[in-house]
Amino acid sequence: MILLRLFWEFFKIGMFSVGGGMAALPFLYDMADRTSWFTYDQIADMLAVSESTPGPIGINMATYTGFTTAGVWGSVVATLGVITPGIVIVLLIVAVLEKFRNNRYVEAAFYGLRPASTGLIAAAGIMVVEIALLNMDAGELWDLFDFKAIALATVLLVLTRWIKPTKKLHPIVFIAASAVVGVLIF
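The structure contained in this document is the topic of the report that follows. (Residues numbered from 1 in each chain as written. Predicted model: local features only at pLDDT ≥ 70, side-chain atom pairs only at ≥ 80, totals over all residues. Heavy atoms only, no water.)

## Description of the nonpolar core
The biggest cluster of nonpolar side chains holds 20 residues, and the ones touching the most others in it are Phe-10, Ile-13, Leu-25, Leu-28, Met-31, Phe-38 and Ile-43. Secondary-structure elements contributing two or more residues to this core are helix 1 (2-16), helix 2 (25-35), helix 3 (40-52) and helix 4 (57-100). Each residue touching Phe-10, except ones within four places of it in the same chain, is listed here: Leu-28, Met-31, Ala-62, Thr-65, Ala-78, Gly-81 and Val-82. (Core = buried A, V, L, I, M, F, W, Y, C linked by side-chain atoms within 4.5 Å. Buried < 20%, exposed > 50% of the residue type's maximum accessible area, 1.4 Å probe, protein only. Helix = DSSP H or I, 4+ residues; strand = E, 2+ residues; numbered from the N terminus. Contact = heavy atoms within 4.5 Å.)

## Some words on the packing of aromatic side chains
Counted by the stated rule, this structure contains 4 aromatic pairs. Ring centres of Phe-7 and Phe-11 lie 6.0 Å apart, and the angle between their planes is 25°; this geometry places the pair in the stacked category. Residue Phe-7 and its partner Phe-11 are located together in helix 1, separated by 4 residues, close to a single helical turn. Three or more aromatic residues link up through ring pairs in this structure, and these residues are Phe-7, Trp-8 and Phe-11. (Phe/Tyr/Trp six-rings, centres within 6.5 Å; stacked < 30°, edge-to-face > 60°.)

## As for the side chain of Thr-166
Looking at the element boundaries, Thr-166 is found in helix 7 (residues 164-167). A polar contact of 2.7 Å, which involves the side chain of Thr-166, links it to the backbone oxygen of Leu-159. The contact partners of Thr-166, leaving out residues within four places of it in the chain, are Leu-159 and Phe-174. (Polar contact = N/O pair within 3.5 Å; in protein donor to acceptor, adjacent residues only side chain to side chain.)

## Comments concerning a positive patch on the surface
On the surface, Arg-161, Lys-164, Lys-167 and Lys-168 cluster together to form a positively charged patch. Mapped onto the elements, Arg-161 comes out in helix 6 (residues 147-161). (Patch = residues over 30% accessible without salt bridge, like charges linked within 9 Å, V, L, I, M, F, W, Y side chains within 5 Å. Areas by Shrake-Rupley, 256 points an atom, 1.4 Å probe, with all protein chains shown as cover. Salt bridge = Lys/Arg side-chain N within 4 Å of Asp/Glu carboxyl O. Lys, Arg positive; Asp, Glu negative; His and termini not counted. Charge placed at Lys NZ, Arg CZ, Asp CG, Glu CD.)

## Digging into a nonpolar patch on the surface
Together, Met-15, Phe-16, Val-18, Ile-89, Ile-93, Val-96, Leu-97, Phe-100, Val-106, Phe-110 and Leu-113 line one region of the surface with nonpolar side chains, adding up to about 860 Å² of accessible area. Broken down by element, the nonpolar patch gets its largest block of residues, 5 residues, from helix 4. Relative to the elements of secondary structure, Val-96 occurs in helix 4.

## Notes on the side chain of Ser-178
With respect to the helices and strands, Ser-178 occurs in helix 8 (residues 171-185). Reaching out from Ser-178, the side chain makes a polar contact with the backbone oxygen of Phe-174 at a distance of 2.8 Å.

## With respect to the environment of Leu-6
Here Leu-6 shows up in helix 1. With relative accessibility at 0%, the residue Leu-6 sits in the buried group. In sequence terms Leu-6 and Pro-171 are 165 residues apart; their C-alpha atoms lie 32 Å from each other. Residues within four places of Leu-6 in sequence aside, it is in contact with Trp-37, Gly-66, Thr-69, Ala-70, Gly-74, Val-77 and Ala-78.

## A word on the pattern of salt bridges
As enumerated under the stated definition, the model contains 4 salt bridges in all. For Glu-9, the salt bridge goes to Arg-5, with nearest N and O atoms at 3.5 Å. In this pair, Glu-9 and Arg-5 both sit in helix 1, 4 residues apart, roughly one turn of the helix. Its relative accessible area of 4% is what places Glu-9 among the buried residues. The closest approach of N and O atoms between Arg-34 and Glu-9, which form a salt bridge, is 2.7 Å.

Printed below as a string of structure tokens:
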């Protein structure tokens, strides 16, 4: 029964998370609240692993979640659940593409989806910042901030945006360096 529920939950995520893997985060938070299969901290771990491994983030998160929930079969079922809507939609679009290619309603629908996906991604970004840089359960104001994580994020921001020699390095360099720093400091 859990495999069917996993498929259904990730089918819904695949169907409605327009904008990529980061847009799936609000759905994962909702799933965590409803199912208790994982915690918010585990979502942060899922995101870190999913961004560090090759492949689309949304599919990687589905695979990770499925595995932590129901083992290997759970990972297979969750991954199939998240990709099935996309496959079906692409097949339908290809079948009717020529007929509706320049339809103003289709263009208007896609235009309307842009701000929706932007909002979902922004909401996911705010949640990631809360988990990665803040301690929302802190009693004291000083304890609210995770200063080690903020320092690491600041160093990475400076290295990737404003220092010319490191600006052109491949992202995997920063991911690997951050993993090493995380092991050594955190």
